[in-house]
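Survey of secondary and tertiary structure
Residue-level listing of the chains:
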Amino acid sequence: MIPEAYPDIKSYKSEHILRDRAQALSGILPQRFDCCVNSCVCYTGHHSHLIKCPRCNEPRFEGIDKNRKPKPRSQFFYIPLIPRLIAYLRSPAIAKMMQYRGQFQHVDGIYRDIFDGTNYRAFCESPITVHGKSVDPPANYFEDPRDIALGLSTDGYGIFTRGQATAWPIVIFNYNLPPQIRFHSENILALGVIPGPNKPGDIDSFLVPLADELFQLASGVEAYDVLSRSTFNLHAFLLLVFGDFPAVSMLMKMKGVNAVSPCRSCKITAVPIPGEKSKTHYIPLDTDLTGLGRSHCELMEQAKEVDRASTKAEAETLSKEYGIKGTSILSELDSLSFPQSFPPEFMHVAWENISKTLETLWSDDYKGLDEGKRKYRIEKAVWKEISSRGAAASSTIPSTYGPRIPNISEKGSYMTADMWSFWIQFLAPILLRDSFKDPKCFEHFVDLVYLFGICLQREISAAEIKTLRSGFVDWIKGYDE
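Everything numeric in this text was worked out from a predicted model, so none of it was measured. (Residues numbered from 1 in each chain as written. Predicted model: local features only at pLDDT ≥ 70, side-chain atom pairs only at ≥ 80, totals over all residues. Heavy atoms only, no water.)

Some details on the overall build of the protein
Stated formally: Only DSSP runs of H or I covering at least 4 residues are called helices, and only runs of E covering at least 2 are called strands; the numbering of each starts at the N terminus. In this description the radius of gyration comes from C-alpha coordinates, and the expected globular size is given by 2.2 Å times residues to the power 0.38. Any residue under 20% of the maximum accessible area for its type is buried, any over 50% is exposed, and the rest in between are partly exposed; the area is computed with a 1.4 Å probe on protein chains only. Pairs of residues are marked as contacts when any of their non-hydrogen atoms sit within 4.5 Å. Using a 1.4 Å probe, the Shrake-Rupley method yields the accessible areas, and only the shown protein chains count as cover for residues. In this tally, Lys and Arg are treated as positive and Asp and Glu as negative; His is ignored, and so are the chain termini. The location of each charge is read from NZ of Lys, CZ of Arg, CG of Asp or CD of Glu.
Summing up its helical and strand segments, the protein has 16 helices and 17 strands in all. At 26 Å, the protein has a C-alpha radius of gyration in line with the 23 Å of a compact globule built from 481 residues. Counting only C-alpha atoms, the protein reaches 75 × 55 × 50 Å along its principal axes. Per-residue burial over the protein gives 42% buried out of 481 residues. Long-range pairs, those at least 24 residues apart, make up 58% of the contacts in the protein between residues at least 6 apart in sequence. With an accessible surface of roughly 27,100 Å², the protein has 54% of that area assigned to carbon and sulfur atoms. Taking the average location of the 55 positive side-chain charges in the protein and that of its 57 negative ones, the two points are 5 Å from each other.

Here's the deal with helix H16 (residues 462-480)
Where we set the bar: Given the number of residues in a helix, its expected span is that number minus one, multiplied by 1.5 Å. Of all possible arcs, the one meant is that of the directions from the helix axis to the C-beta atoms.
Taking 1.5 Å of rise per residue, the 19 residues of H16 would be expected to cover 27 Å, and the 28 Å separating its terminal C-alpha atoms lies within 8% of that figure. Taken together, the buried positions of H16 are Leu468, Gly471 and Trp475. With its buried residues spanning 80° around the axis, H16 presents them on a single face. Across from the buried face of H16, at angles greater than 90 degrees, the exposed residues are Ala463, Lys466, Arg469 and Lys477. Where H16 is buried, its residues touch helix H11 (346-362) and helix H15 (439-455).

Here's the deal with unusual backbone geometry
At the junction of Gly196 and Pro197, the peptide bond is cis and its omega measures out at 15° in the coordinates. The residue Pro197 is located in the loop between strand E11 (189-194) and helix H7 (203-219) in this model. The phi angle at Asn57 is positive, at roughly 70°, despite the residue not being glycine. By secondary structure assignment, the location of Asn57 is in the loop between strand E1 (31-34) and strand E2 (61-64). The backbone phi angle of Lys253 is positive, close to 65°, even though this residue is not glycine. If you trace the backbone, Lys253 turns up in the loop between helix H8 (245-252) and strand E15 (271-272). Judged by its relative accessible area of 24%, Lys253 is partly exposed.

Notes on the pattern of salt bridges
As a reminder of what qualifies: Only one rule defines a salt bridge in this text: a Lys or Arg side-chain nitrogen within 4 Å of an Asp or Glu carboxyl oxygen.
Within the structure shown, the criterion is met by 14 salt bridges. One salt bridge in this structure joins Glu15 and Arg19, with 3.0 Å as the shortest N-O distance. Placement of both Glu15 and Arg19 in helix H2 (residues 15-26) is noted, with a separation of 4 residues, approximately one turn of the helix. We note that Glu15, like Arg19, is exposed. Among the ionic contacts, a cluster of salt bridges with common partners joins Asp144, Arg146 and Asp225.

Right under this line is the structure:
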C-alpha cells in the first residue's frame, strides 16, 4: 500500500521513514506508559500520579527531554488489541478462517476444543455483563458467530545468555481461528513486552491497558464485517489464562507453589518438616483431598479480605492462610472464573516438571534422596549407555518426528520441553526396558506414558477423561510407594 498511499516518494533510503509510513497505514499506534526502571510497576491507574516507584523508591524520571517534559527512565510499549481484531474482520481471508468458532458443533461426550468445555457452554446461555451489569443493548455471550474467544499468556525469558535479567512478553491467542493455525507465530497477538530486568512486581499495573480494552470489547465495539459487507457490534471475551506455575500465580495474585497454601485450585495445605529449623514445607502423603476444591466466590472473598486488612502484618497472615495476596485485575472480567479459567499448562507440568524429576530420580541426582525400598535407580553405567543410545538414535530419525536429543547424562540441561516430549513418548519406553532392578518401576513409567498419550489426543471422550482421573490418582499412589 505504501507506493499507492505515498506516490510522490520514489524510494525509501531510511528504514525509520519506511516504518513510519507502514505504521500510519496500519492504523495501529503503540501506546507508551512510563514504568519503573526495575519493572516493579507501570505508572497506570492509581500509580499514574507517582514520581517514584512505590516498591523500590527509584525515581520515575531522569532530566528533561527536548520538548521540556520530564524524561521517563523506562517505558512499557502497549500495542492495542481492538484495532487488530477489527482489522482481522476487514480481511476476507482471515475473517473466513475466524468463522471456525461460529461453525463449531459440540458433540456430547466428546472434547476436541475449548468450545466443548463446560465454562464456554455455560456462557453461551448467559447475558453479557461488565462489572456485574448487563450491557446495553442486551446480548448473550457468543450469540453472534463473529464474537471472539481469547486466551492470555505470559512468561519470563532470559534477555542475555548469562545473568538473571528477564523480560515478560504479554500475548493474546485468537480461539476463533482453527486449532491447526491459532498458535502459529503469525496469528499470535503480542500486546507488549514488560522490559525487565526483573519480573514485574505489580503485573496488574501493566495489564491496565488490556483490561480497559477487554471492558470495551465486552460492551461491544463497532466493526466492519467484510464477508457480509456490514457494520456490527463486535464482542470479544477473555476465557483462558495460562502459563507456568509462577507466571499464573503472579497473574492470579497467588502465593505460589512454595506457599503454605500452594495450590490455586484446591485448599490443600503444607506443613513444616518436623525437627527442622528451616521454613521448608511439604504436603503429607496421607492428605485427604476430598472436598478441597476452590470456588470463584470463595477465592474472591478471601482476596478481598486480604485487601481489607488494616495492617501489612494482618494481610500477610491472611495471605499465608489463604494462599492469595489480593484481588487481581483479571478478576474484574466477568468472562473469567477463578480458578477454573486458569488451567494447569501441560507443557510445563508434563515435560518441564515430571519428566525432569523422573530423570533425576533414575540417575541418582535428586536432592540427595536415597532410593527407599523400591530400587528405582538405574546403575550409572546403564544410564550412560541409555543416554548415548538416545542421542545416537537422532541420526536415524527424521526431524519431522521430533528434535535431536542430546546425551542426557552429559547435557541434560540442554533438554527442552519438545525434546522431553519426544524422548518420554517414543525413545524411553524402548531404552528403559530391562534397565530397572525392579520391573514394577518400568511398568509404572509405561503407565505414565499411556496417560500422557491420552492427554495429547486431538479428541478425548468422556470415558477417557474418567480414565485420566483414576489413572493419575493410581499413578501418584504408585509413585508414593
